There are 2 protein chains.
Amino acid sequence: MEHQEFQFFGGRASERGSWDWELLANGLPLQDYRPGQLIYLQGSQATHFYYISSGRIKSYLTSQDGAERILTVYRQGEILGEASFFDGQPRVSSATALTKCRIAAIDREHCDRTLRQNPQLSMSMIRYLAMTVRQLSTHVDDTAFLRADQRIARLLLALAEEDGVTVHCTHEFLGGAAGVSRVTVSRVLGQFQKCGMIHLGYGSIRLLEPKALERLF
Amino acid sequence: MEHQEFQFFGGRASERGSWDWELLANGLPLQDYRPGQLIYLQGSQATHFYYISSGRIKSYLTSQDGAERILTVYRQGEILGEASFFDGQPRVSSATALTKCRIAAIDREHCDRTLRQNPQLSMSMIRYLAMTVRQLSTHVDDTAFLRADQRIARLLLALAEEDGVTVHCTHEFLGGAAGVSRVTVSRVLGQFQKCGMIHLGYGSIRLLEPKALERLF
DNA sequence: CTCAAATTGTAACATAGTTTACATTCTTTT
DNA sequence: AAAAGAATGTAAACTATGTTACAATTTGAG
C-alpha cells in the first residue's frame, strides 16, 4: 500500500514501468517536439496515437472561454491518444508537450499489423485502457466529493510520487489539474506552509510532512 | 449527426446495438436481481464482470457522508465492471439494479477462454473501453465547465435520446447524475417549465422544446 | 545591468449552489 | 377511505470558491 489510491492524475504511478510499448512504435520515425507544441487538438479526427520516447506531455480539456482542465501528464514510455483512435470519434481532449519530446506517431495500418503479429499486445491495451478508466473515475470522484484543499493535497502527493519530495510546477498548473483557480491554490498552499506541511519556492514546492497532507481526507 | 456529443452519461447511445457480448456470456447461467439489489461494491476486489441480459443498472460513486454520484446507466446487451476486472485494482464505483435484471457473471477463466477462442472480441473490448474513456472525459468536461442548468439540460437530452420525449426519473436521480443537489434540480426544472421547454409530471418530465434546451450551451 | 515577463501573495467583493426547513401534492398501502 | 410514504415546490441563510485587482518578488532576455 505504498501509494494506495493516488492515481488522481499524472498518476500512472501504479503501473509505471509495467508497460512495454516500444514494440508498437518499432520501425516508426521519431519526431521532435518543443515545449508548448500541440500534438493533437480537441475536436479533431484521430488518425494516429502516440508513443513517447522521451519527454512529458499533458492532455487537457478547454472550455469555451479558454479555461484549461488538465487530465493527465504522460511520460516516457507511455502512449496517449489511443482512446479516440480506437473509438473513432473526435478527440475530447487536446495534448501539448510540456518539455522537449521525441514521439512516434502510430497510424492505423501500423497498429493493425503490429497487433496482429503480437496478440499479447491487445491484452496490454485492454489493461491500459482499463487503467485510464480507473483514473478518470477517480477524477470524477475527487471533483465531486473533495474540497479544494483536499484535491490540492492529493495532487501534491501524486506528483511527489513521480517527482520526489520537491515538486516543480506553478500554482497555475496545479489549479488547472485540481480544477480550482490560481488564487485558491496560492491561498491553500499558503496555509499548508503556515502549518509546516510544505515549503514554497518559486516554481517549486517541497513536501515536508506528506503524512499530514494525507490526513486531510 | 443526430445526437452529436450527448454521451454525457447513460449515454451509450452513440454505440447502441453495435456491441455483441452474448458470445462472452454464452453458456453462463443467468442470475435474477431485484431493483435496488447490489451487484458490486466500491472498494471490493473484481473477480467478475457482468453481462446484462435484461434490465437496467446504475454505476455510481459514494462519498464518505453517503452522497451518490451516478456515472452510467447500463442497459440490456451491455457489459459493466470490466475496467476493474481487467486492471486488477479494487472497484472505484458501485453498481446496483435499477429494475428487475437478468445478469451473467463472467469470471476470469471463462473470459480468458472466450477471448482466446474469439480474437475479434479483444478488439471489441478495446473499442468499448475506449468509448468509456470518452464518456468519462466528457463527464469531467461537463462538471468542470458547465453551470447547473446546462448540465441538467444535457442530461435530459441524453436521457430522452434513450427513452423518448418523456423521461421517467426523479429530481433526486437527476441531481445524482448531474452532480447537483435535489433542490437545485427542482428550481432549474421549474424555470425550464416556466419557459415552456418542458412539462413536469410526478416522476416524469416531458421535453417540449429540445432545441431550446440545446441552445443553453 | 536593466527591463520585461512570469510567478506569487493577499484582500475585497461577488455568486452559484448547498443546506435546512417546511408545506404541498401525488401515490401506494392497508 | 385513511394513512403513510415519496416526490416536489420554494424560501432563507450560509459557504466555499471564483473574480478582480494590485503589489511584491523572482527569473530570464537583451
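Worth saying up front: this structure is predicted, and the values here are computed from it rather than measured. (Residues numbered from 1 in each chain as written. Chains lettered and ligands numbered in written order. Predicted model: local features only at pLDDT ≥ 70, side-chain atom pairs only at ≥ 80, totals over all residues. Heavy atoms only, no water.)

1. Let's talk about the relation of the copies chain A and chain B
Its rotation angle being 180°, the transformation that places chain A on chain B also includes 0.0 Å of axial translation and leaves an RMSD of 0.0 Å. Both copies are brought into coincidence by an operation consistent with a two-fold rotation axis. When the interface residues of chain A are mapped onto chain B, 100% of them again lie at the interface, so the same face is used by both copies. (Least-squares fit on C-alpha atoms with pLDDT ≥ 70 in both. Contact = heavy atoms within 4.5 Å.)

2. Concerning the domain arrangement of chain A
Residues and elements named next belong to chain A. Along its sequence, chain A is carved into domain 1 (13–142) and domain 2 (146–215). A straight line from the C-alpha centre of domain 1 to that of domain 2 covers 26 Å. Counting residues at the interface gives eleven residues for domain 1 and eleven residues for domain 2. Taken over both partners, the interface formed by domain 1 and domain 2 buries close to 970 Å², and the fraction arising from carbon and sulfur atoms is 46%. Of all residues in domain 1, the largest losses of buried area upon contact with domain 2 belong to I70, R75 and D142, amounting jointly to 51% of the total for that side. A salt bridge links E162 to R75; the shortest N-O distance between them is 3.0 Å. (Domains from an automatic or database assignment. Buried area = accessible area lost by both parts, 1.4 Å probe. Salt bridge = Lys/Arg side-chain N within 4 Å of Asp/Glu carboxyl O.)

3. Re the pattern of salt bridges
The final tally for this structure, using the stated rule, is 16 salt bridges over all chains. Linking D32 of chain A and R102 of chain A is a salt bridge whose minimum nitrogen-to-oxygen distance equals 3.0 Å. Residue D32 of chain A is found in strand β1 (residues 30–33), and its partner R102 of chain A is found in strand β8 (residues 101–107); the two are separated by 70 residues along the sequence. Under the relative-accessibility criterion, R102 of chain A is labelled partly exposed at 36%. Among the salt bridges present, the one from R154 of chain B reaches D142 of chain B, with a minimum N-O distance of 2.4 Å. Separated by twelve residues along the polypeptide, R154 of chain B in helix α5 (residues 148–163) and D142 of chain B in helix α4 (residues 120–145) bring together distant segments of the chain. Assessed through its relative accessible area of 2%, D142 of chain B is described here as buried. Each of R75, E162 and D163 of chain A takes part in salt bridges that share partners, so that together they form one network. (Helix = DSSP H or I, 4+ residues; strand = E, 2+ residues; numbered from the N terminus. Buried < 20%, exposed > 50% of the residue type's maximum accessible area, 1.4 Å probe, protein only.)

4. Section: the packing of aromatic side chains
A complete count under the given rule lists 14 aromatic pairs over all chains for this structure. Summarising the aromatic geometry, the rings of F85 of chain A and F86 of chain A are spaced 5.1 Å apart at their centres and angled 85° between planes, so their arrangement reads as edge-to-face. In this structure F85 of chain A comes out as buried when scored by relative accessible area, which is 1%. Assessed through its relative accessible area of 6%, F86 of chain A is described here as buried. One residue, R108 of chain A, lies across the ring of F85 of chain A, its end atom 4.0 Å from the ring centre. In this structure, R91 of chain B is placed above the aromatic ring of Y40 of chain B, and the distance from its NZ or CZ to the ring centre is 3.9 Å. (Phe/Tyr/Trp six-rings, centres within 6.5 Å; stacked < 30°, edge-to-face > 60°. Lys NZ or Arg CZ within 6 Å of the ring centre and 35° of its normal.)

5. Things to note about the sheet that holds strand β4 (residues 57–62) of chain A
Residues and elements named next belong to chain A. The four strands lie next to each other as β2-β7-β4-β5, forming an open sheet whose pairing is antiparallel. Only two strands of the sheet have a single partner each, and these edge strands are β2 (38–40) and β5 (68–74). Here the average twist between neighbouring strands, direction ignored, is 30°. Pairing of β2 with strand β7 (residues 94–97), which is carried by two bridges, proceeds in the antiparallel orientation. Of the residues in β7, the one forming a bridge with Y40 is A95. (Pairing = 2+ DSSP bridges. Axes fitted to C-alpha atoms, helices over the stretch in contact; angles between N-to-C directions.)

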